[in-house]
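Analysis of the macromolecular model
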Amino acid sequence: MLTIKNLHAGVEDKEILKGIDLEVKAGEVHAIMGPNGSGKSTLSSVIAGKEEYEVTQGEIYLEGEDISELEADERAHKGVFMSFQYPVEIPGVSVTNFIKTAINETRKAKGEDEMPASEMLKKIREKAELLEIDRKFLSRSLNEGFSGGEKKRNEIFQMAMLEPKLAILDETDSGLDIDALRIVANGVNKLRSKDNAVVVITHYQRLLDYIVPDYVHVLHNGRIVKSGSKELALELEEKGYDWIKQEVVN
Ligand code: ADP
Ligand code: MG
Ligand code: MG
């Protein structure tokens, strides 16, 4: 699903990612962990195609197609979904209307017609039911006065509706209470399938109590310095990141 080869990227003259190799197969969930400032958010932004970062070397493939040169919206249309760290408030645009527009834009980009209203409604109902989201929530203005948990619920709902091939969830440290963690985890667990892949980026092990990853990678100073199974996350929880840094130095 996702193949990253020798990826170097950064901003202006600062290199942040210093040679990342990663292979994520369909059906897999990978967790990327690492200390603050190691490049986790940069990696997710670069995969999603955010403009502020420049790729200086290497490639990113989605289902074998090199997407390194594509704009963020083109990648989204090809099935890359990234959760928003700082979601914007859009007063007057409901959760439902926002996702309807997003879906139809994707279809338009592929040369397809808009989704018929009845089909859209059915899909919204189905996904809302799956994720236990109530009607009231769907008619609220996007992100306006949303709690941390509600923001997460909206993100997961968007993911459910868009049915991405590759979902990248950058779960930044602050503001994720236990409810929000559970919402994300339940959503991911319900939406994971043999046809999609999920990359969960997190500083904390706690999320991985709920989302059990197939592989865990540790990012340090712009490189993946260790990969392992879910046990690696437990080891990190117990020992912190310092021993990894030591290992890298030695
Ligand atoms: P993490 O998500 O692991 O905490 P980040 O990817 O946010 O790490 O940041 C990695 C490093 O790159 C940090 O030193 C950070 O200050 C720097 N960095 C990230 N984005 C930018 C940017 N847009 N401009 C300048 N420096 C950046
Ligand atoms: Mg950070
Ligand atoms: Mg980050």
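This structure is a prediction, so every number in the text was calculated from the model and none was measured. (Residues numbered from 1 in each chain as written. Chains lettered and ligands numbered in written order. Predicted model: local features only at pLDDT ≥ 70, side-chain atom pairs only at ≥ 80, totals over all residues.)

1. Description of the sheet that holds strand 2 (residues 14–24)
Strand order in the open sheet formed by four strands is 2-1-4-5, with antiparallel pairing between adjacent strands. Each edge of the open sheet is held by one strand with a lone partner, namely strand 2 and strand 5 (65–66). Relative to strand 4 (residues 54–62), strand 1 (residues 2–11) is paired through seven bridges, and the arrangement is antiparallel. Looking across to strand 4, one finds that I4 is bridged to I60. Contacts from helix 1 (residues 40–48) reach strand 1, strand 2 and strand 4, with the element oriented near 70 degrees to strand 2. (Pairing = 2+ DSSP bridges. Helix = DSSP H or I, 4+ residues; strand = E, 2+ residues; numbered from the N terminus. Contact = placed C-beta atoms within 7 Å. Axes fitted to C-alpha atoms, helices over the stretch in contact; angles between N-to-C directions.)

2. Quick notes on the nonpolar core
The nonpolar side chains of a soluble globular protein tend to be buried, and buried together. Formed by 61 residues in total, the largest nonpolar core has its most connected members in L166, I168, V184 and V200. In terms of residues, this core owes the most to one element, helix 7 (residues 178–191), which gives six residues. (Core = buried A, V, L, I, M, F, W, Y, C linked by C-beta atoms within 7 Å. Buried ≥ 20, exposed ≤ 12 C-beta atoms within 10 Å, placed from the backbone.)

3. Observations regarding the site of ligand 1
Near ligand 1 the following residues occur: V11, K14, I16, G34, N36, G37, S38, G39, K40, S41, T42 and E52. Counting residues per element, the ones that place at least two in the shell around ligand 1 are strand 2 and helix 1. Residue contributions to the shell around ligand 1 peak at three residues, all from helix 1. Residues of the shell around ligand 1, tallied by class, amount to two nonpolar, seven polar and three charged. (Near = placed C-beta within 6 Å. Nonpolar A, V, L, I, M, F, W, Y, C, P; charged D, E, K, R; others polar.)

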